[in-house]
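# Understanding the architecture of this molecule
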Amino acid sequence: MKYLTEYRDADLVHGLINKIKEITTQHWTLMEICGGQTHSIIKNGLDQLLPDQIELVHGPGCPVCVTPLELIDKALAIASKPDVIFTSYGDMLRVPGSQADLFSVRARGGDIRVVYSPLDAVKLAQENPDKEVVFFAIGFETTAPANVMSVLQADQLGLDNFSILVSHVRVPQAIEAILSSPHNRVQGFLAAGHVCAVMGYWEYIPLAKKYNIPMTITGFEPLDIAQGILTTVESLEAGTCEVKNAYIRAVSKKGNQNAQAVINKVFEECDRKWRGIGLIPGSGWRLRPLYTKYDAEKRFQVETIQAEESPLCISGLVLQGQKKPDQCEAFGTLCTPENPLGATMVSDEGACAAYYRYRTQTPGSQEKGL
Amino acid sequence: MCLAVPGKIIEIYQKQELKMAKVDFSGVTREACIEHVPEAKIGDYAIIHVGFAISLLSEEEAQQSIDLLREIIEAGELEDEEPV
Ligand code: SF4
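Conventions and cut-offs
All residue numbers refer to positions counted from 1 along the written sequence of the respective chain. Key to labels: chains lettered from A, ligands numbered from 1, both in the order written. pLDDT decides what is reported in this predicted model: residues at 70 or higher carry local features, side-chain atom pairs at 80 or more are listed and counted, and totals for whole chains, interfaces and linings draw on all residues regardless. Only hydrogens and water are removed before side-chain values are computed, so all heavy atoms of the structure are retained for them. Note: two strands are recorded as paired if DSSP finds a minimum of 2 bridges between them. Numbering of helices and strands runs from the N terminus; a helix is a DSSP stretch of H or I covering at least four residues, while a strand is a stretch of E covering at least two. Axis geometry follows a simple rule: fit a line to the C-alpha atoms, using only the stretch in contact for helices, then measure angles between N-to-C directions, giving values from 0 to 180 degrees. Put simply, angles under 35 degrees are roughly parallel, angles over 145 are roughly antiparallel, angles from 65 to 115 are roughly perpendicular, and the rest are oblique. For any pair of crossing helices, the crossing counts as left-handed if the nearer helix is rotated counterclockwise from the farther one by less than a right angle, and right-handed if it is rotated clockwise. Two residues qualify as a contact provided that any one of their heavy atoms is within 4.5 Å of a heavy atom in the partner residue. Only protein chains enter the accessibility calculation, which uses a 1.4 Å probe; a residue is then buried when its area is under 20% of its type maximum, exposed when over 50%, and partly exposed in between. Polar contact is the term for a pair of N or O atoms within 3.5 Å; when the atoms are in protein, one must be able to donate a hydrogen and the other to accept it, and sequence-neighboring residues count only if both atoms are side-chain atoms. Cavities and pockets were defined on a 1 Å grid built over protein atoms only: a cavity is a set of grid points that admits a 1.4 Å probe from which the probe cannot escape, a pocket is an open set flanked by protein on both sides within 12 Å along at least five of seven lines, and lining residues are those with an atom within 4 Å of any such point. Grid points are joined across faces, edges and corners, and a volume is the space filled by probe spheres set on the points. Gly falls in the polar group here, along with every residue not listed as nonpolar (Ala, Val, Leu, Ile, Met, Phe, Trp, Tyr, Cys, Pro) or charged (Asp, Glu, Lys, Arg). Note on terminology: near, applied to a residue and a molecule or strand, indicates that one of the residue's heavy atoms is within 4 Å of it. A pocket or cavity is taken to hold a molecule when more than half of that molecule's atoms are within 2 Å of the pocket's grid points. Using a 1.4 Å probe, buried area is obtained as the accessible area two parts lose upon being combined, added over both of them. Between Lys or Arg on one side and Asp or Glu on the other, a salt bridge is scored when a side-chain nitrogen of the former is within 4 Å of a carboxyl oxygen of the latter.

This part is about the pairing of strand β10 (residues 267–274) of chain A. All names here are of chain A. The sheet contact formed by β10 and strand β11 (residues 278–287) spans 7 bridges and is antiparallel. Looking across to β11, one finds that E269 is bridged to W285. Hairpin geometry of β10 and β11 is characterised by an intervening segment of 3 residues between the two adjacent antiparallel strands and by a positive phi of about 85° at G276.

Shown next, in the form of structure tokens:
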């Protein structure tokens, strides 16, 4: 497949890894932001091919992992109501809330359906005028263009039985939260290519300057990731702190301005709690007042639900690059993908799940790396 | 969930006032909304995420970046004394 196979070429990847080895003179800690990149790195064993001096830590860019517990509890409360069809992307179903998960609500008779696109949820609302259809609108900037379109489409069609439960988060504010922490170890970032495909990377330039840290816009295939690492290490070794684009086939500095305009029409900035991390000011999006009638939190009066995290789970430290999944005492024992304690064990893009899947299985059962 | 993959646009049409496309992912065809990339043409490759095209891929940029990587690697190999 064009744009895929050539970026999985093992010879080219090994060539770039050798380049990285050649130029590295000291220990550097890099963070990949996006869970999709974490998955690709661990699956292909890229971190093990790198010289020992290059340490990769895994960032908070998995929407399933950072959706706050109380939002899950709100989803559970709404999905348990009669006459509600609750729709969600598939990987939210197993995320543990305080008491249950969406799967168990479904087992008890809740009408919960997995959709591929938010437009499928709008279609369900059209087909079921006697039901309330709710869509769980989670995600980063990548998912926002799709999620806002569901609201605009429902508005256009005059549907009054459609609403969304919004938990949108943004990457630049998360990067700033990580960099401003006194415990920060990250010296360079691989920025998330598809987030930047939507938003561009102009917002990262002042951040790189302020914290004196290089960032490279990076794609998802092994070659993209190797190129992102090489570019970042080059900057670190040269002592520069620019933002560079190693994913030019998909990303421009300004991003997709059509998509940004639609997002801005429907969403406005807000403070948002991140699961395991806590409140990050200005790090979220919520519906603008013009569209609050599509806000499921208001429609179903679940705004006051609060929740407390399990004290065993250290996913907050994992998501900030301060700990690796296998440094958690519950990892692989009390916490497994079948019985997840924290959200980072649920999603394929969660660092704990990636480590469990590719690092604890017998070699024969592992998918082949590079 | 944030997985977004490149696919080839093979058909463009309107559906309930939205610009839609049929997109081919290595033989599997799915529908995607292309409202956010209105300049898309049949034959273009786009990155599709949760049923929406978020960006068109530039063939020229893709070729240039692969060529550049080959150059970087080959330049290194000439200097290498022993293969790693
Ligand atoms: S292994 Fe489980 S308990 Fe430990 S940090 Fe990961 S999700 Fe949390």
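Picking up where we left off.
All names here are of chain A. One can describe the packing of helix α1 (residues 10–23) onto helix α12 (residues 222–238) by two numbers: an axis separation of 9 Å at closest approach and a directional angle of 15°. Relative to α12, α1 is oriented roughly parallel. By crossing handedness, the relation of α1 to α12 is classed as left-handed. Where α1 approaches α12, its residues L12, V13, L16, K19, I20 and I23 are matched on the opposing element by P222, L223, A226, Q227, I229, L230, V233, E234 and E237.

A few words now on the side chain of E70(A). All names here are of chain A. Examined against the element boundaries, E70 turns out to sit in helix α5 (residues 69–79). Given the relative accessible area of 13%, E70 is considered buried. A polar contact of 3.2 Å, which involves the side chain of E70, links it to the side chain of K273.

Residue and element names in this part refer to chain A. Looking at the second largest pocket, its volume works out to about 400 Å³. Elements that contribute at least two residues to the lining of the second largest pocket include exactly α5, β10, β11 and α14 (296–299). At 5 residues, β10 tops the list of elements feeding residues into the lining of the second largest pocket. Per-class residue counts for the lining of the second largest pocket are 7 nonpolar, 1 polar and 12 charged.

So, on to the site of the ligand. All names here are of chain A. Lining the immediate environment of the ligand, one finds C313, I314, S315, C328, A330, F331, C335, L341, G342, T344, M345 and C352. In a pocket analysis with a 2 Å cut-off to the grid points, the ligand is assigned to the largest cavity. Residues that form the shell around the ligand fall into these classes: 9 nonpolar, 3 polar and no charged.

All names here are of chain A. With parallel pairing, the 5 strands of this open sheet are ordered in space as β2-β1-β7-β8-β9. If you trace the sheet from one side to the other, it starts and ends with β2 (54–61) and β9 (243–245), each paired once. Adjacent strand axes in the sheet meet at a mean angle of 25° when their direction is disregarded. In terms of strand pairing, strand β8 (residues 215–218) meets β9 through 3 bridges, oriented parallel. Opposite I217, over in β9, you have N245 as the bridge partner.

For the rest of this paragraph, the subject is the interface of chain B and chain A. Contact with chain B, which involves 45 residues of that partner, is made by 47 residues of chain A. Buried area between chain B and chain A, summed over both chains or domains, comes out near 4,100 Å², and the portion from carbon and sulfur atoms is 66%. In this assembly, chain B and chain A are joined by 0 salt bridges. Joining chain B to chain A, the criterion identifies 10 residue pairs in polar contact (both at pLDDT 80 or more). Only β1 (5–15), β2 (18–25), β3 (28–33), β4 (45–49), β5 (52–56) and α1 (59–79) of chain B provide two or more residues apiece to the side of chain B that touches chain A. Sorting elements by how many residues they give to the side of chain B that touches chain A places α1(B) first, with 10 residues. When the residues that make up the side of chain B that touches chain A are grouped by side-chain class, the tally is 24 nonpolar, 10 polar and 11 charged.

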